[in-house]
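# Geometric and topological summary
Chain by chain, the residues:
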Amino acid sequence: MGEVYKMTIAGCDRELPICPISDKLDIAGFVMFGDVEITEKVAQALMEKCPEHDIIITAESKGIPLAYEMARIGCREYVVARKGIKAYMTNPIKVEVKSITTDHVQTLYLSEEDCTKLKNKRILIVDDVISTGESLAALEDLVHEIGGNVVGKACVLAEGDAADRTDIIFLEPLPLFFK
Ligand SMILES: O=P(O)(O)OC[C@H]1O[C@H](OP(=O)(O)OP(=O)(O)O)[C@H](O)[C@@H]1O
Ligand SMILES: Nc1ncnc2[nH]cnc12
């Protein structure tokens with residue numbers, strides 16, 4: 001495991017804990033879980049950079065607090081693409097995804113109710129980190145399949161090559177590998 005350190009992020013007045021994300025990958029991870037103050041601050045800073053939208057979509061799990069907080073201060077509506085089929089889901093639609101942090105293919109599911117919420121809406125895709133862009137692409141596929149209109153793609157940290165993408169709104173770049 002490489003050295004673990006801290007970084008500051010636009011909109012935050014204290015350093016952010018960067019923790020090991022995986023015991024298989026030598027990358028340091030950004031995990032907002034459990035940090036209300038940081039979540040509130042990055043949500044506010046990111047919201048200021050985002051276009052107008054009707055609803056937010058994120059993928060389970062680390063994007064959820066950010067999506068909630070951005071929806072709370074903004075559009076008031078968000079949906080979460082789940083990584084398993086749950087009992088509450090009628091006629092779920094699904095897409096496969098291989099994120100940098102996992103060694104297996106995962107599946108994202110949206111319930112019929114969530115699809116209805118998203119249909120014909122201006123949708124902001126939100127995640128904590130975008131790295132290979134595979135999770136983002138999977139969310140875009142889901143949205144297109146159900147007839148939603150993606151107006152923005154936003155994350156707190158754009159990792160590696162994602163920071164060079166002009167279609168991603170982010171607060172800070174994150175080097176892929178730390179020394
Ligand atoms: O651009 P990518 O290479 O797809 O990586 C980005 C994704 O990786 C992380 O999720 P992860 O798959 O680790 O799942 P988790 O949030 O459930 O831990 C992160 O929250 C993004 O969703
Ligand atoms: N460095 C990182 N931290 C948290 N989630 C990630 N997903 C991809 N890269 C990540």
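Here is a short report on the structure shown in this document. None of the values given here were measured: they were computed from a predicted structure. (Residues numbered from 1 in each chain as written. Chains lettered and ligands numbered in written order. Predicted model: local features only at pLDDT ≥ 70, side-chain atom pairs only at ≥ 80, totals over all residues. Heavy atoms only, no water.)

## Quick look at helix α2 (residues 64-73)
The cut-off we apply is this: Burial here depends on accessible area, computed with a 1.4 Å probe over protein chains only, as a share of the maximum for the residue type. Under 20% is buried, over 50% is exposed, and the range in between is partly exposed. A run of H or I in DSSP counts as a helix once it spans at least four residues, and a run of E counts as a strand once it spans at least two, with each numbered from the N terminus. Here, residues are in contact when the closest pair of their heavy atoms is within 4.5 Å.
Residues of α2 that are buried include every one of L66, A67, E69, M70 and A71, and no others. Where α2 is buried, its residues meet α1 (36-47), β4 (55-59), β5 (78-81), β8 (122-130) and β9 (149-159).

## Considering the site of ligand 2
To be explicit about the condition: When at least one non-hydrogen atom of a residue lies within 4 Å of a molecule or strand, that residue is treated as near it. By the criterion applied in these results, polar contacts are pairs of N or O atoms within 3.5 Å in which, for protein atoms, one can donate a hydrogen and the other can accept it, and in which residues neighboring in sequence qualify only through two side-chain atoms. We get accessible surface area from the Shrake-Rupley algorithm with a probe of 1.4 Å; when it comes to residues, only the shown protein chains can shield them.
The full set of residues close to ligand 2 is I21, A28, G29, F30, K62, I100, T101, V129, S131, E159 and L174. Backbone polar atom of F30 to a nitrogen atom of ligand 2: 2.9 Å apart, as the coordinates give it. A distance of 2.5 Å separates a nitrogen atom of ligand 2 from a polar side-chain atom of E159. Here ligand 2, which alone exposes 260 Å², has 95% of that area covered by the protein. Counting residues per element, the shell around ligand 2 draws most heavily on strand β3 (residues 28-30), which supplies 3 residues.

## Some points on unusual backbone geometry
Residues E60 and S61 are joined by a peptide bond in cis, for which omega reads 10°. Positive phi, close to 40°, is recorded for N91, a residue that is not glycine. Assignment of secondary structure puts N91 in the loop between β5 and β6 (93-97).

## Remarks on the sheet that holds β8
To keep things clear, this is the line we draw: DSSP bridges decide pairing: two strands pair if at least two such bridges lie between them. Inter-axis angles, ranging from 0 to 180 degrees, are taken between N-to-C directions of lines fitted to C-alpha atoms, where helices are fitted over the stretch in contact.
Taken together, 5 strands build an open sheet; the order of strands is β5-β4-β8-β9-β10 and the sheet is parallel. Here the strands that pair on one side only, and so sit at the sheet edges, are β5 and β10 (169-174). This sheet shows a mean twist of 25° between the axes of neighbouring strands, independent of strand direction. Of the strands in this sheet, β9 and β10 touch α1, which is tilted by about 120° from β10. Of the strands in this sheet, β4, β5, β8 and β9 touch helix α4 (residues 134-145), which is tilted by about 165° from β8.

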